[in-house]
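If you want the building blocks of each chain, they are given just below.
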Amino acid sequence: MSDPIRTRHDGGVLEVVIDRPKANAIDLATSRAMGLIFRDFRDDPELRVAIVTGAGEKFFCAGWDLKAAASGDAVDGDYGVGGFGGLQELRDLNKPVICAVNGICCGGGLEIALSADLILAAEHVTFALPEIRSGTVADAASIKLPKRIPYHIAMDMLLTGRWLDVHEAHRWGFVNEILPANRLMERVWELARLLASGPPLVYAAIKEIVREAEGSTFQTAMNKITKRQFATVDRLYSSEDQLEGARAFAEKRNPIWKGQ
């Protein structure tokens, strides 16, 4: 049996491929494996951007493996580091993550996509939260989706389980770009390489600020930035990269980011 999660890296980009035919569904063991992969990505200074996608063109990920659940995997079992799929509860993940949705994206698969910073999708992709039909709750999506798209659209998806095509998903704003299937990964890698060439300390500060500001007032978050109370902001403002950015601008050249 092949490895359910395949990885490769090129330069500072890590690609993570869910490969569990037929639907790329995730059981407890696969989730734990993904958690370790994303934890190592978070902690490796040489890796700057991650891509997560599915094998084939029919499914990105069908979410929770109901067959595994029927065989004994508990829905509230040990998903490992980072929770389901390794991403949605991973603490201090201060690097960009791109989701390349290459096929059906539903349930926990959509929750994984929502855990990424950018979502690019093939033009044949569809999305849904069908948990309502199996008598369970799309927990992470119930928290995240109403904050990402209009409340009434999010509730429609959660309460009815209806399917959205990629164009509607794009219209509501949770898909950044729609690509022909044969262009999806080319474009995703182009974007990943662009991000990998950027300033990692700035990315880290952006992600921490956005994450922490979600639960605070504007002024509270601003005060924490100006007083350097975010660890990533404090590190950035004391870094060589901060000086390098200013020097490169003054010298009219491209900066050389070292992440320190």
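As the structure is a prediction and not an experimental result, all values here were calculated from the model.

Q: Quick question: what am I supposed to make of the overall build of the protein chain here?
A: For the protein chain, the count of helices and strands is 11 helices and 10 strands. By the compact-globule yardstick of 18 Å for 260 residues, the protein chain fits well, its C-alpha radius of gyration being 19 Å. Overall, the C-alpha framework of the protein chain stretches about 60 × 40 × 35 Å when taken along its three principal axes. Within the protein chain, residue pairs in contact and separated by at least 24 positions form 67% of the contacts whose partners lie at least 6 positions apart. The positive charge centre, built from 31 side chains, and the negative charge centre, built from 35, are 3 Å apart in the protein chain.

Q: Sorry, what's going on with the sheet that holds strand β7 (residues 118–122) here?
A: Sheet strands pair by backbone hydrogen bonding; their relative direction is either parallel or antiparallel. The strand order across the open sheet formed by 6 strands is β1-β2-β3-β5-β7-β10, and the pairing between neighbours is mixed. What marks the edges here is a single partner per strand, and that holds for β1 (5–10) and β10 (177–179). In this sheet, neighbouring strand axes are inclined to one another by 20° on average, regardless of whether the strands run parallel or antiparallel. Sheet analysis places β1 next to strand β2 (residues 13–18), joined by 6 bridges and oriented antiparallel. Within the sheet, the bridge partner assigned to aspartate 10 lies in β2 and is valine 13. Of the strands in this sheet, β1, β2, β3 (49–54) and β5 (97–101) are in contact with helix α1 (residues 28–43), which crosses β2 at around 175°.

Q: I tried to follow helix α7 (residues 184–196) on my own but got confused; where do I start?
A: Turn by turn, an α-helix covers 3.6 residues, leaving residues three or four places apart pointing in a common direction. Here α7 contains 13 residues, and its C-alpha end-to-end distance of 18 Å stays within 8% of the 18 Å for a straight helix at 1.5 Å per residue. Among all positions of α7, only Leu184, Arg187, Val188, Trp189, Leu191, Ala192, Leu195 and Ala196 are buried.

Q: Whenever I open this one, the side chain of glutamate 111 confuses me. Can you help?
A: Mapped onto the elements, glutamate 111 comes out in helix α3 (residues 108–114). Dropping the residues within four chain positions of it, glutamate 111 is found in contact with Gln88, Ala138, Asp139, Ala140 and Ala141.

Calculation criteria
- Residues numbered from 1 in each chain as written.
- Predicted model: local features only at pLDDT ≥ 70, side-chain atom pairs only at ≥ 80, totals over all residues.
- Heavy atoms only, no water.
- Helix = DSSP H or I, 4+ residues; strand = E, 2+ residues; numbered from the N terminus.
- Rg over C-alpha atoms; globule rule 2.2 N^0.38 Å.
- Contact = heavy atoms within 4.5 Å.
- Lys, Arg positive; Asp, Glu negative; His and termini not counted.
- Charge placed at Lys NZ, Arg CZ, Asp CG, Glu CD.
- Pairing = 2+ DSSP bridges.
- Axes fitted to C-alpha atoms, helices over the stretch in contact; angles between N-to-C directions.
- Expected span 1.5 Å × (residues − 1).
- Buried < 20%, exposed > 50% of the residue type's maximum accessible area, 1.4 Å probe, protein only.

Just geometry here; none of it tells us what the structure is for.
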